[in-house]
Amino acid sequence: MELTRTVAKRVVQLVIVLLFVTMFTFLLIRLLPGDPTTTIIPFGTNAQRAALRHDLGLNKPLPEQYWNYLTGLLQGDLGKQYNSGRPVIDLVSQSLPVSLQLMIYAQFIALFFAIPLGIFTAYRAGTRSDKAINTTGFALLALPNFVLALFLSYFVGAQLKWLPTGGYAPGWMDQLFDSSRSPDLWEHARYMLLPAFTLAVGQIAVYMRLLRSDMIATLQENFITMAKAKGVSNQRILWRHALRPSSLTLLTVAGLNVGTLIGGAVVIEVIYGIPGMGLKIYQAVFSKEYVELQSYVVIIAVLFVLVNFFVDFLYSVLDPRIRRARAS
Amino acid sequence: MSPGEDRFGDAPYDGPLLEVTDIKTYFETDRGLVRSVDGVSLTLERGKTIGIVGESGSGKTVLSRSIMGLLPKRGVVREGSVKFEGQEFIGIKPKDMRAFWGAQMSMIFQDPMTSLNPVMKVGNQITESIRQHLDVSKSFANELAENLLESVRIPEPRKRLKEYPHQLSGGMRQRVCIAVALACGPKLLFADEPTTALDVTVQAQVLDLMAAQQRERFMAMVLVTHDLGVVAGRADDIAVMYAGRIVEKAPTTTLFANMKMPYTEALLSSIPRLDDQSHTRLATIPGRPPDLVHPPKGCKFAPRCPYVQDKCREEEPLLTDAGGGHLYRCWFPVGTPEGAAALEKNRAAGAAPAAALATGPTTGGQP
Amino acid sequence: MPEPPDGEISTTEEFLADERHGFGGVAGDAGLLQVGAIEAGPESAHRRGPGLGIGAWMAIGWMGFIILIAVLAKIGILTWGDANESFASCARKGPFANEGGASGFLLGCDSNGRDMIPRLALGAWTSLLVATGAVTLGFVIGGTLGLIAGFSGGKVDTVLTGMFNVLLSVPVIIMALALVAFLQGASGEGGALSPEMILIIAIGVVAIPLIGRITRASALTWAQREFVLASRAQGAKSRRIMIREVLPNVLPAMFSIALLAIGIAIVAEGALAILGVGVRPPTPSWGNMIALDRGNLFKSPHIVFEASLLIFFTVLSLNFLGDVVRARFDVREGGL
């Protein structure tokens, strides 16, 4: 009962936010001073401009424009890339799976390293190894991901030549969007390893330190001493008793971190030349394709809002049990 | 398996179950070395109960954990000797201690809510201990767990196995903790303020339960509490702790009938009695426990003692044996002519502790 | 941070702000996880006694050095050369390059043959200017709004928080990028707004909801303390209480966040430069120096490395100082 009421509340919030986001991106182009068509196709002919004006419905009143825009979005009409004439929706289906795979891999790699490191430093809090690991983590937080990307591509790519520093081969997700792209998993892995790892490194430090902090608090709790007094081994205590309450923290944090991940992915794609949404955005900015850019922003914003909504929801379902258990 | 039969196959040991000699436990902190336990000795036989009584800060909790060896490795200094069935504990690695924890000795903690893992089912918390020490199948362990819950008088035990701690009441949770502690049939049970966090009505039930289990299993018990009432009918011996030392130790009846330490007397008199007149002022012990980093010279209780004389502030009283297992440390004990004279002198001078002590020492009988 | 009563569904924001989880209590969002992670570490905390540690002094020293160089370069007093002058023969040569006629270029030159040292110095000015400007904008607007929201509660709070959430529904870099792109488009080629100004506005606007949230969380905790209630009981007006009682307590934490934010803004400028927007050449900034000569990475790595090292040490110093400030001023209950 309580749950459905909160869900309903959240859904309403979700819709409001989505409306605002779409309105914001919608207004971006239309708020440019002067004639938007001049900005979008500065070197076009008058006929082209008239066609564009018709396309965008710039002659109609603003609310009607917004309505058309919105319905168009829902139908998948994301506008056209004006230099090539290609519909943006095609470009999106080409590049979105690439970015998604990159982010998923990065998240996994980050957690894979951060969880044992977090547990270890919490268990050995105060010792030299703890201080050493944490100082490294602290330094990593100060290292911008583009710097790391450039360093790695220089050393691993150019000097050691272990991995390629640019290019792409389709992975398992691409064919879901476009069945013509069959996976070449080995090459896919080779191309994605360095970028995913670079993206992950920044998150490793964050997750590790947050997990450590949370676990140190958990390890002070009485039930840990109680488990020890039962004769349970340290390993088991760490992984089965202490990690459990802290893992909720970790999952929530990983979920909320998607925003940073997206931002990081954009830069990483540009540096490594991975043909994902980030690279497309970069190219759109470069060629001043504002309609295309606007569509990308909308897609990312909508996906981001949905992920946050899902994380919030998941958290509220999982948490009351823990909350009620820990408090009272 | 009958009580007394050694289930682990060793030749039965002849001496006391637990023999603690001059144990010291110090903590390294920024302020200095905190002397939480500063030389405590006691022995305990199988099937017997010793009550350890003291205020917070007296070191009683640290003592029980130190004997068991549950303290952190870093920043802790632990000296002395702790022999369990002849086996020395101090100096052995925590890894080796794990064979004893749960199987030979266990502990029940003060707050049952926080002692149980909130995200783990009750049944699993019991079977975890069983499967750690006994080589049995999962289903057998579950059966054992169910029996245990039944023996601690939890209704519908099979259902409870699958529940989480927060679904149980405070009293039930403590019973679950007792079940966990008793799961592998330990020879020694430490109960650290087991009823402090519970309602008064539930306290007696839990204590009775523990006593019953103890009788059934011929288990030794160390009952740590600040409440003399808790140990009154349930301990064979009582040790009173103050500032990290035992200041008086005696069999229970002797202690109540013939206490020697002014501190013990003050503790006893601070318990309100049912047959007191209404509006009787509650007696308190003025002052605060001493600083354990820089303890004062002489007797540690001197600043708060109603009987204090100059000698007390200069020299630490020696441990005196009054016979019959009664040990105490005091220059001017209760119930002696020197003690009475000292008290009168202080009262005449208007000293606060002497005035705060309820008029006339309480003698005899159970509180 | 007020805890919802037991059983009530809480949000992830409240979860992260719950001090039990050890995040320092103010991290509440993805962008802020970075901040929370910095504060969650064991580094500078527990520094008792007078005086700052050697680490803090090194950080202060570095920052002083960088700021000094930046200012001197901008004013034009000590530039160690001209940031714009090209030496064709020096192009892409690494450190200690020596060219006939011109004296040794200690740090080499970039792809256009320009001496790295004056460019890095001037770049320091640009990067610091943009970062500080953006953070100031964020604090002035975001901080004020957050303070009002946290202090007032009720409808005002709901509306403001709603605004923050909407602005934060687009990932930060994307939002900044979109703003810069559109502002640059709007201001045209001639440029009513200088590229630095555009960057300051874009990064600043993106910072507003983030800083607003943090300030709000901080103001909330303080506004619930008894001394505020006492002040009200004396008949003080709301605005007065807010400015005279709550604000001074919020400021130290905000100062620490500001230091961290400047570091984040410097990195943001760099990221935006790589994405192709921001400070336009020939004006150097650390970000656009990296972006420009990224293509020459394999043959002339020194260009990218030098600017990167400067960014790294500056951000590291700022993070460290921010953490030190927080540890000093963090008055937590239960210290008794």
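The structure displayed is predicted, hence computed values, not measured ones.

About the thresholds
- Residues numbered from 1 in each chain as written.
- Chains lettered and ligands numbered in written order.
- Predicted model: local features only at pLDDT ≥ 70, side-chain atom pairs only at ≥ 80, totals over all residues.
- Helix = DSSP H or I, 4+ residues; strand = E, 2+ residues; numbered from the N terminus.
- Contact = placed C-beta atoms within 7 Å.
- pLDDT = per-residue confidence, 0-100.
- Axes fitted to C-alpha atoms, helices over the stretch in contact; angles between N-to-C directions.
- Parallel < 35°, antiparallel > 145°, perpendicular 65-115°, else oblique.
- Left-handed = near helix turned anticlockwise from the far one by under 90°.
- Nonpolar A, V, L, I, M, F, W, Y, C, P; charged D, E, K, R; others polar.
- Pairing = 2+ DSSP bridges.
- Buried ≥ 20, exposed ≤ 12 C-beta atoms within 10 Å, placed from the backbone.

Chemist: What am I meant to see in the overall build of chain A here?
Modeler: Looking only at helices and strands, one finds 14 helices and 0 strands in chain A. Along chain A, helices and strands appear, N-terminal first, in the series α-α-α-α-α-α-α-α-α-α-α-α-α-α.

Chemist: I would appreciate a short explanation of the interface of chain B and chain A in the present structure.
Modeler: A common way to report how large an interface is uses the accessible area buried once the components associate. Residue-level contacts link 26 residues of chain B with 20 residues of chain A. Only β6 (105–108), α3 (112–115) and α4 (122–133) of chain B provide two or more residues apiece to the side of chain B that touches chain A. Among the elements that line the side of chain B that touches chain A, the one with the most residues is α4(B), at 4 residues.

Chemist: Hey, could you run me through the confidence of the model for chain A in this one?
Modeler: Atomic detail in the predicted coordinates should be set aside for any region of low pLDDT. Model confidence for chain A is summarised by a mean pLDDT of 80, while 87% of its residues fall at 70 or above. No element of chain A has a lower mean pLDDT than helix α2 (residues 36–40) of chain A, which averages 64, and none a higher one than helix α5 (residues 88–123) of chain A, which averages 90.

Chemist: Honestly, the packing of helix α6 (residues 128–142) of chain A against helix α9 (residues 185–219) of chain A in this entry has me stumped. Any pointers?
Modeler: Residue and element names in this part refer to chain A. One can describe the packing of α6 onto α9 by two numbers: an axis separation of 9 Å at closest approach and a directional angle of 130°. What the angle tells us is that α6 and α9 run oblique. As for the relative orientation of α6 and α9, their crossing is left-handed in sense. Only V201, G202, A205, M208 and R209 of α9 make contact with α6, whose side of the interface consists of N134, G137, L140 and L141. Residue composition of the contact of α6 with α9, grouped by class: 5 nonpolar, 3 polar and 1 charged.

Chemist: Please explain the sheet that holds strand β2 (residues 32–44) of chain B as it appears in this structure.
Modeler: Strands in a sheet are paired, the pairing made by backbone hydrogen bonds, and the direction either parallel or antiparallel. All names here are of chain B. On the basis of which strands lie adjacent, the open sheet formed by 4 strands has the order β2-β1-β4-β5 and antiparallel pairing. Taken across any chain shown, the strands that pair with only one partner, and hence form the sheet edges, are β2 and β5 (87–88). Taken together, the 10 bridges between strand β1 (residues 18–29) and β2 define a ladder with antiparallel strand orientation. Among the inter-strand pairings, T29 is bridged to a residue of β2, identified as G32.

Chemist: Sorry, what's going on with unusual backbone geometry here?
Modeler: Trans peptide bonds make up the majority, and among non-glycine residues the majority have a negative phi. All names here are of chain B. Of note in the backbone geometry, E193 takes a positive phi value of approximately 50° without being a glycine. At A243, a residue that is not glycine, the phi angle is positive and equals roughly 50°. Positionally, A243 belongs in the loop between β9 (237–242) and β10 (245–251). For A243, a count of 24 C-beta atoms within 10 Å corresponds to the buried category.

Chemist: Explanation requested: the packing of α9(A) against helix α11 (residues 234–256) of chain A in the structure shown.
Modeler: Relative placement of two packed helices is described by the angle separating their axes and the distance separating the axes. All names here are of chain A. One can describe the packing of α9 onto α11 by two numbers: an axis separation of 9 Å at closest approach and a directional angle of 150°. When the interaxial angle is binned, α9 and α11 end up roughly antiparallel. Handedness of the crossing formed by α9 with α11: right-handed. Residues Y207, L210, L211, D214, M215, T218 and L219 of α9 lie in contact with α11, whose contacting residues are A242, P245, S246, T249, L250, V253 and A254. Looking at the contact of α9 with α11 residue by residue, the class counts come to 10 nonpolar, 3 polar and 1 charged.

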